[in-house]
Amino acid sequence: MGEEDWLNKLSDQFRSCGDGIVKYLVFLFNFLLAICGLILVIAGAIALADLWPSSHFLDTKVLLPPIIILVIGILTFFVAFLGCCGVLARSHCMLTSFAAILLSLIIIQILAGAIAIIAKDDFSNSMRSALKYSLGNYSFTNLDGQSWDAAQRKLECCGVDGPRDWAQVFTENQVPASCCRGAPDNVNALCRNTFDDRIVYQIGCYAKLQQSVRIHSNWIIGLGLGLVLIEILGVILACVAAKSIRDDNRNK
């Protein structure tokens, strides 16, 4: 009988040790998850800041992934806090809720990744058309003009495919001041296209926008995929910890 009691006690110790490791891992995981959430917020904010000056020309589905990533980053940070509280409070309900919310975020991120992939490969024609249409409506005072000036300064580009595109708007080989390096920030100014890249940007905004969207899409897809893998591990750990807490509560 004494030997049986000793074996049961040893078994309980091993189980207790295993449960402690799981709970420690869940807590550590949530700390890592909170950091990932902050990284997503920063990445989404940077992508939006880079793309926003050109938002007038971009399809909604191009801007949607950075916004989704930004929101997911904020939610991830707070979900990680919920997971930490669940472990510290030994709350089965909080850990179960944590796992369910995390699973929902995984689904949303997969959808965001799919949108980013579609946007990366399918935006070209619509964006070129939008750029050409907007360029034809350029005025110093309207939204098209303001958007073009902001985009050309931000991306260091000129016209849709190059400075020659402005011939349909201005005469005498002139381009907006936003096409010129070091030009004053004056919305009513023009400068002459010298065909010298040291003075006037010779690369079109379509190519620059295409490059920018692809870079940000790749970043978003990569970060989203990495976080999904981490979150799947989190769901598993949270479920194991929740089960352990429930079993402990039943045995009391």
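Calculation notes
- Residues numbered from 1 in each chain as written.
- Predicted model: local features only at pLDDT ≥ 70, side-chain atom pairs only at ≥ 80, totals over all residues.
- Heavy atoms only, no water.
- Helix = DSSP H or I, 4+ residues; strand = E, 2+ residues; numbered from the N terminus.
- Buried < 20%, exposed > 50% of the residue type's maximum accessible area, 1.4 Å probe, protein only.
- Contact = heavy atoms within 4.5 Å.
- Disulfide = S-S within 2.5 Å.

Section: the overall build of the protein chain
When helices and strands are tallied, the protein chain shows six helices and two strands. Moving toward the C terminus, one meets the helices and strands of the protein chain in the order α-α-α-α-α-β-β-α. Across the 252 residues that make up the protein chain, the buried fraction comes to 41%. Intrachain contacts of the protein chain at a sequence separation of at least 6 include 71% that bridge at least 24 residues.

A closer look at the state of the cysteines
Evaluation of the coordinates by the stated rule reveals three disulfides. The residue that forms a disulfide with C157 is C205, at a sulfur-sulfur distance of 2.0 Å. With the S-S bond torsion at 90°, the cross-link from C157 to C205 turns out right-handed. Placement of C157 in the loop between α5 (143-155) and β1 (174-176) and of C205 in helix α6 (residues 205-251) is noted, with a sequence separation of 48 residues between them. Accessibility expressed as a relative area gives 0% for C157, which makes it buried. The class for C205 is buried, based on a relative accessible area of 1%. A sulfur-sulfur distance of 1.5 Å marks the disulfide that ties C180 to C191. Its torsion about the S-S bond being 50°, the disulfide of C180 and C191 is classed as right-handed. Of this pair, C180 sits in the loop between β1 and β2 (190-192) while C191 sits in strand β2; the two residues are eleven residues apart in sequence, bridging distant segments of the chain. An identical accessibility class is assigned to C180 and C191; each is buried. When the cysteines engaged in disulfides are numbered in sequence order, the protein chain pairs them as 1-6, 2-3, 4-5.

Re unusual backbone geometry
Positive phi outside glycine occurs at E156, with the angle close to 55°. Its location among the elements puts E156 in the loop between α5 and β1. Relative accessible area serves as the criterion here: at 39%, E156 is assigned to the partly exposed category.

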